[in-house]
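Fold and contact review
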Amino acid sequence: MADGIWQARGVVKGRAQGKALVSQTALSFLGDLDIRSGKVVGRSSDLLGTCVAGRVLVLPASRGSAGAWRFLYQLKVHGTHPAALILRDLPDPSVTQGAILAEVPIVVDPEAAFWTDLRDGDMVQVNGDSGCIARC
Amino acid sequence: MHLSDRDLALLDGAEGAAARAAMAALVQLGEAYDAPDMVDIGYAHVHAGMALYKGDVELIEAVAGQGAKMAVPVSTNIANADMGNWQSTGAPDALGQLQKRAEVAHRLMGSATSFTCTPYWAGHWPTWNMHIASIESGVTVFANSVLGAKSNRDGFFAVYAGMTGRYPRFGLHLDRNRQPTHRVTVTADPLGTADFTALGYVIGTAVGSGIPLIRGLRTRPSLDELDAMGVGMATSGGVAMFILPGVTPPYAEDFDVPGLDGAQVSEADIAGVFDAFCTGVETGFDLVHLGCPHASFEEMKHYAALLDGRQVAPGVELWVTTSRAVKQLAQDAGLLAPMLKAGAKVVSDTCPISCHFACSCSPDPALGVQPPKLRTIVVDSAKQAHYVRDMIQCPTLFTTSELAVETAVSGRFHPRARRNG
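Figured I'd write up the structure that's included with this text. What you are looking at is a predicted structure, and each value in this text was computed from that prediction instead of being measured. (Residues numbered from 1 in each chain as written. Chains lettered and ligands numbered in written order. Predicted model: local features only at pLDDT ≥ 70, side-chain atom pairs only at ≥ 80, totals over all residues. Heavy atoms only, no water.)

In the sheet, strand E1 (residues 5–7) of chain A pairs with strand E8 (residues 132–135) of chain A via three bridges, with the strands oriented antiparallel. Following the sheet pairing, A:Gln7 is matched in E8(A) by A:Cys132. (Pairing = 2+ DSSP bridges. Helix = DSSP H or I, 4+ residues; strand = E, 2+ residues; numbered from the N terminus.)

Bringing helix H6 (residues 157–164) of chain B into the picture now. Residue and element names in this part refer to chain B. Of all eight residues making up H6, eight are buried, and the element is well covered by its neighbours. Of all the residues in H6, the buried ones are Phe157, Ala158, Val159, Tyr160, Ala161, Gly162, Met163 and Thr164. Looking one or two places after H6, you find Gly165, whose phi comes out positive at around 70°. (Buried < 20%, exposed > 50% of the residue type's maximum accessible area, 1.4 Å probe, protein only.)

Our focus in this paragraph is the packing of aromatic side chains. In total, this model carries 17 aromatic pairs over all chains according to the counting rule given. Here the aromatic rings of B:Phe274 and B:Phe398 are separated by 3.9 Å at their centres, their planes lie at 10°, and the arrangement is stacked. Taken together, the positions of B:Phe274 in helix H9 (residues 267–276) and B:Phe398 in strand E12 (residues 396–398) put the pair 124 residues apart, joining distant regions of the chain. According to the relative accessible area criterion, B:Phe274 is buried, its value standing at 4%. Both rings, one in B:Trp319 and one in B:Phe357, keep their centres 5.3 Å apart while their planes meet at 35°; by these two values the pair is tilted. Taken together, the positions of B:Trp319 in strand E9 (residues 317–322) and B:Phe357 in the loop between strand E10 (345–348) and strand E11 (377–379) put the pair 38 residues apart, joining distant regions of the chain. As far as the burial class goes, B:Trp319 and B:Phe357 line up, both buried. Here the aromatic cluster, defined as three or more aromatic residues joined through ring pairs, consists of A:Trp69, B:Phe156, B:Phe157 and B:Tyr160. Of note, A:Arg70 hangs over the ring of B:Tyr53, and the distance from its end group to the ring centre comes to 4.8 Å. Its guanidinium or amino end placed over the ring of A:Trp115, A:Arg88 lies 4.1 Å from that ring's centre, counting from NZ or CZ. (Phe/Tyr/Trp six-rings, centres within 6.5 Å; stacked < 30°, edge-to-face > 60°. Lys NZ or Arg CZ within 6 Å of the ring centre and 35° of its normal.)

It is worth spelling out the environment of B:Arg389 at this point. Residue and element names in this part refer to chain B. Note that Arg389 resides in helix H13 (residues 382–392). Looking at Arg389, the relative accessible area reads 42%, which means it is partly exposed. In sequence terms Arg389 and Thr407 are 18 residues apart; their C-alpha atoms lie 20 Å from each other. Among all residues touching Arg389, those that are not within four sequence positions of it are Tyr201, Phe277 and Cys394. (Contact = heavy atoms within 4.5 Å.)

Before going further, it helps to examine the interface of chain A and chain B. Interface size is commonly expressed as the accessible area that is lost once the parts come together. Taken together, the contact between chain A and chain B spans 22 residues of the former and 28 residues of the latter. Buried area between chain A and chain B, summed over both chains or domains, comes out near 2,200 Å², and the portion from carbon and sulfur atoms is 58%. The interface formed by chain A and chain B holds two salt bridges in total. A salt bridge links B:Asp34 to A:Arg9, with the shortest nitrogen-to-oxygen separation between them at 3.7 Å. At the boundary of chain A with chain B, the tally comes to 13 residue pairs in polar contact (both at pLDDT 80 or more). Mapped by element, the contributors of at least two residues to the side of chain A that touches chain B are strand E2 (9–12), helix H1 (68–77) and helix H2 (93–102) of chain A. (Buried area = accessible area lost by both parts, 1.4 Å probe. Salt bridge = Lys/Arg side-chain N within 4 Å of Asp/Glu carboxyl O. Polar contact = N/O pair within 3.5 Å; in protein donor to acceptor, adjacent residues only side chain to side chain.)

All names here are of chain B. Geometrically, the link from Pro249 to Pro250 is a cis peptide bond, its omega value of 0° lying close to zero. Structurally, the position occupied by Pro250 is in the loop between helix H8 (223–236) and strand E7 (261–265). Cys292 connects to Pro293 through a cis peptide bond whose omega is -5°. Mapped onto the elements, Pro293 comes out in strand E8 (residues 287–295). Residue Asn129 is not a glycine yet carries a positive backbone phi of 75°. Positionally, Asn129 belongs in the loop between helix H4 (93–109) and strand E3 (131–134). In this structure, Gln393 is a non-glycine residue whose phi angle is positive, near 55°. Within the secondary structure layout, Gln393 lies in the loop between H13 and E12.

None of this, on its own, says anything about what the molecule does.
Now the structure itself:
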């Protein structure tokens with residue numbers, strides 16, 4: 001792949017662009033995020049205190065919860081949702097359902113170079129249809 | 001993903017815009033999880049539309065407004081206010097009125113407006129090998145583990161499953177995934193629903209989102225106890241199914257898989273859950289709660305007997321929460337009268353953690369919802385305790401149903417005594 005273009009697997013369709021926000025810890029959409037502000041409040045996250053609104057959120061995994069969909073959708077209602085999600089592992093179905101409802105594209109399992117080359121704060125485009133991630 | 005002729009027709013809009021959108025969403029979900037095709041579902045338990053979340057009742061109204069009709073029997077999950085009498089819980093009128101709009105939307109779509117986390121006690125009883133979709137994790141675990149129906153832990157898409165009668169074949173809809181991952185040996189002798197929620201809570205903590213094979217229980221749990229154990233696991237872990245040989249179809253009493261990851265649950269472990277959720281003040285608590293998950297008719301009989309001729313202490317509030325269907329049955333059977341005479345409130349459609357007490361929600365500010373400042377809630381369920389901590393963010397006292405009633409009557413907390421085993 002060309003520099004700054006990485007292939008992943010598209011899971012939730014749609015295209016979005018935003019500054020990458022990279023975490024090394026799993027995040028639960030139920031409980032770890034304040035809906036109104038979009039800030040991470042979960043103490044187990046290394047993003048504690050950071051706002052996810054408009055960012056391309058890069059996570060190793062989401063922690064499962066049957067209620068995750070509702071919180072992801074609530075972030076959308078309040079305009080505090082991330083632009084897109086890039087995950088190492090396929091998320092819980094509830095997260096996928098919330099992302100489809102909230103129109104937040106998800107791609108998973110990007111190629112190895114992505115994890116070494118991407119920098120926090122890079123502006124990236126995510127294509128949930130093709131699975132392509134591109135730095136811009 | 002293989003789609004049937006009808007699936008394709010739905011995608012083409014043959015049954016209207018709402019069904020087309022529902023099928024498109026289900027196809028996207030199925031492709032994400034590599035589902036080979038779709039299964040026919042026989043029943044769906046769907047999202048109520050929750051007034052404490054901005055835009056959420058409107059989401060259900062939008063689906064109904066597109067002309068959606070349910071293709072299979074559908075029940076609705078617990079909601080944010082008692083739609084018949086929200087005033088009794090101190091909910092603002094604006095909240096109750098907004099919540100009531102969800103009732104109209106669901107009726108338009110042909111759903112039974114049961115508004116409960118225990119639709120099985122309200123007559124929705126899917127059977128062995130029936131594929132279903134459920135938004136409520138307690139329904140998922142009861143259906144998979146007690147009834148032998150097949151369900152994932154779902155979100156909003158249970159509505160789409162109800163509208164189309166279809167769901168992608170992945171997760172627990174595949175028999176190869178309905179196998180035990182852990183072997184749990186119970187050495188304790190739990191008795192009553194509170195104990196069984198605590199037992200489930202320990203098991204869920206041990207197995208995460210696995211499928212525990214449960215050995216060692218010396219008597220067959222009652223239906224209420226099986227329900228209680230399932231919701232306990234679904235609360236502390238991501239459990240969607242347990243296997244109790246002799247109970248869970250099709251596993252016979254002698255079913256065992258010795259080589260699995262093991263865990264033991266003793267009386268000390270169960271007592272530990274009660275202790276961990278005893279963080280509140282032992283006098284001067286705000287509320288005593290019975291009915292998590294929503295009480296069955298049998299539980300209503302039990303509560304009525306416990307409260308008959310008694311009187312709740314001055315300054316103490318006692319709530320019994322159940323579905324509107326079971327409340328009607330209880331009223332017809334003369335069970336509400338002794339509860340109400342004792343000073344209890346019988347609340348349907350909601351419960352403490354689902355109502356305006358929760359401060360983790362995001363209601364439209366125009367509703368004027370202000371969660372009250374609570375000192376302590378006395379509960380008889382590990383599920384309620386867990387979510388009182390996380391959603392109401394208030395201390396709890398956790399005891400048995402019988403001792404919760406003694407607590408309400410005396411105004412002084414009665415902790416569960418340790419049992420043998």
